[in-house]
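Per-entry structural report
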Amino acid sequence: MGESKEKTTIVLFSGELDKAIAAFIIANGAAAYDHEVTIFFTFWGLNVLRKDESIVVKKGFLEKMFGKMMPRGTEKLGLSKMNFGGMGPKMIKHVMKKHQALSLPQLIELAQEQGVKLVACTMTMDLLGLQQEELLDRIHYAGVAAYLGDAADAKVNLFI
Amino acid sequence: MGESKEKTTIVLFSGELDKAIAAFIIANGAAAYDHEVTIFFTFWGLNVLRKDESIVVKKGFLEKMFGKMMPRGTEKLGLSKMNFGGMGPKMIKHVMKKHQALSLPQLIELAQEQGVKLVACTMTMDLLGLQQEELLDRIHYAGVAAYLGDAADAKVNLFI
Amino acid sequence: MGESKEKTTIVLFSGELDKAIAAFIIANGAAAYDHEVTIFFTFWGLNVLRKDESIVVKKGFLEKMFGKMMPRGTEKLGLSKMNFGGMGPKMIKHVMKKHQALSLPQLIELAQEQGVKLVACTMTMDLLGLQQEELLDRIHYAGVAAYLGDAADAKVNLFI
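Residues numbered from 1 in each chain as written. Chains lettered and ligands numbered in written order. Predicted model: local features only at pLDDT ≥ 70, side-chain atom pairs only at ≥ 80, totals over all residues. Heavy atoms only, no water.

Describing the relation of the copies chain A and chain B
Quick reminder of the rule: Copy-to-copy superposition: least squares on the C-alpha atoms, limited to residues that have pLDDT of at least 70 in both copies. Only heavy atoms enter the contact rule, under which two residues are in contact if any of them lie within 4.5 Å.
Aligned on chain B, chain A shows an RMSD of 0.0 Å; the corresponding rotation is 120° and the shift along the axis is 0.0 Å. Between the two chains, the operation in question is that of a three-fold axis. The fraction of interface residues of chain A whose copies in chain B are also interface residues is only 10%, indicating that the copies meet through different surfaces.

What to know about the interface of chain A and chain B
To be explicit about the condition: Take the accessible area each of two parts loses on contact, using a 1.4 Å probe, and add the two losses: that sum is the buried area. Counted as salt bridges are all cases of a side-chain nitrogen of Lys or Arg within 4 Å of a carboxyl oxygen of Asp or Glu.
Each partner contributes residues to the interface: chain A has 30 residues there, and chain B has 24 residues. Around 2,500 Å² of area is buried between chain A and chain B when both sides are counted, 77% of it from carbon and sulfur atoms. The three residues of chain A that bury the most area against chain B are Lys81, Met82 and Met91 of chain A, which together make up 22% of that side's buried surface. At the boundary of chain A and chain B, one finds 2 salt bridges.

Quick look at the sheet that holds strand S4 (residues 140-142) of chain C
Residue and element names in this part refer to chain C. As a reminder of what qualifies: Two strands are said to pair when DSSP picks up at least two bridges between them. Put simply, DSSP H or I for four residues or longer makes a helix, DSSP E for two residues or longer makes a strand, and each gets a number counted from the N terminus. Working convention: axes come from line fits to C-alpha atoms, limited for helices to the stretch in contact. Angles between N-to-C directions cover 0 to 180 degrees.
The strand order S4-S3-S2-S1-S5 describes an open sheet built from 5 strands, whose pairing is parallel. The outermost strands of the open sheet, each flanked by one partner alone, are S4 and strand S5 (156-159). Strand-to-strand, the axes of this sheet are offset by a mean angle of 20°, without reference to chain direction. For strand S2 (residues 36-41) and strand S3 (residues 117-121), the ladder comprises 4 bridges, and the chain directions are parallel. Counterpart to Phe40 in the pairing with S3 is Val119. Along the sheet, helix H1 (residues 17-32) makes contact with strand S1 (7-12), S2, S3 and S5, crossing S1 at roughly 170°. Relative to the sheet, helix H6 (residues 144-153) contacts S1, S2, S3, S4 and S5, its axis offset from that of S1 by approximately 140°.

A look at the pattern of salt bridges
Keep this limit in mind: For each residue, the accessible area found with a 1.4 Å probe, counting protein chains only, is set against the maximum for its type, and the residue is called buried under 20%, exposed over 50%, and partly exposed in between.
Applying the stated criterion across every chain, the model contains 24 salt bridges over all chains. Here Lys98 of chain B and Glu63 of chain C are joined by a salt bridge, their closest N and O atoms 2.7 Å apart. One end of the pair, Lys98 of chain B, is in helix H3 (residues 87-98); the other, Glu63 of chain C, is in helix H2 (residues 61-69), on a second chain. In this structure Glu63 of chain C comes out as buried when scored by relative accessible area, which is 6%. In this structure, Lys117 of chain B and Asp150 of chain B form a salt bridge, with 3.5 Å as the shortest nitrogen-oxygen distance. Here Lys117 of chain B is found in strand S3 (residues 117-121), whereas its partner Asp150 of chain B is found in helix H6 (residues 144-153), with 33 residues between them in sequence. Looking at Lys117 of chain B, the relative accessible area reads 30%, which means it is partly exposed.

Let's talk about the interface of chain C and chain B
Put simply, the rule is: Polar contact is the term for a pair of N or O atoms within 3.5 Å; when the atoms are in protein, one must be able to donate a hydrogen and the other to accept it, and sequence-neighboring residues count only if both atoms are side-chain atoms. Under the convention adopted here, Pro, Cys and the residues Ala, Val, Leu, Ile, Met, Phe, Trp and Tyr are nonpolar, Asp, Glu, Lys and Arg are charged, and Gly plus all remaining residues are polar.
Each partner contributes residues to the interface: chain C has 24 residues there, and chain B has 30 residues. Across the chain C to chain B interface the summed buried area is about 2,500 Å²; carbon plus sulfur atoms make up 77%. Applying the counting rule to chain C against chain B returns 2 salt bridges. At the boundary of chain C with chain B, the tally comes to 6 residue pairs in polar contact (both at pLDDT 80 or more). Listed by contribution, the elements that provide at least two residues to the side of chain C that touches chain B are H2, helix H5 (122-128), H6 and S5 of chain C. In terms of residue count, the dominant contributor to the side of chain C that touches chain B is H6 of chain C (6 residues). When its residues are assigned to classes, the side of chain C that touches chain B shows 20 nonpolar, 1 polar and 3 charged.

Printed below as a string of structure tokens:
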């Protein structure tokens, strides 16, 4: 049954608000069309999945530095263009609210409700010292092999 | 007839000269191979489609600010690397002319002549306050659903 | 025989260490799954293929400037985020070594051993004034037409 569904995969490499919003809009659109959708979060894209609050976990020195320097969750993400030291994201959030567009946290929630599979890249988590406790709930954990398995079956594969 | 053609889609999310050139070179190449090609312009990519001149349209305050801050058309785009405050784009344009490569406006014209479908993302137009009068002629207007419909039929789908 | 293999293509447009690493990890993973893999290096992505040492070749003035301003090989690449004037790449290389992940030069070597086809975009080489003597050995040279030929047969096509 599930086998005959169209599939869509997105690698979310970038950790910027605008790119994350684009990824989730495409993912939710595809899920609404009954595609089986996977978003594979790697490198800076993992920051989209971080919880807002600071989570106490044991880490080495470099891993702690990465953890501190990288944005913690959707509220802290910058823009890929016109960031203006944080003014840009505020403006974008403001116009999205004004136009009653879903915010990024709402897009993530909708994706999870629609069954979009959110996968955190375990290799990058190791490198950046991110641990499962620091990420949102209901996230899958896998490596590039799992991504390739999904992508080889999918018609739409994007790298964002 | 048209149904049996190969299809190629490109999401142009980025509003930089070098990425726009890459998108149009791939699109024109695919069209030359008789693919049905769609470029879906969203977020900063919409700036590639803006007319050079200032168009008077009624807008809210934030939309006016976005309109002023974002580059108006191909002449104003920066580079994703080595922009050097505008020197980089000048250098690139210079070497392209020297090597008799088509400029971005010429690549856009060629794409339209070859039947490449240029689609402006209506949702982002709403958010950024861009109106049809401000964009080039012969542009299609649609949302993410239309893009997904094209992409699900295409073999080559890129996000740039 | 080779005809029935799954195919994967990656356009590497970006010349940053983190994106190059991501491209090669995906490429090597796909090759390990017995996909026929092509990476097409264009624009800034060509810098990944440059030899470390300075190669003396005849060039025009602008081409010499591009040659000097662009990073020469994997050691000189910056990061797309958190570059911090070169500290970021050092940190990333450090944690990769600590976690016994392959470095970018090792990933490139592995790709070549696995038969991943590395193709330098001849059109961009002309524009940026890069010559074959300046790039790594065992590189293929082709234009966008060759890329499109590969991509139209591939299931996974990414633009990085």
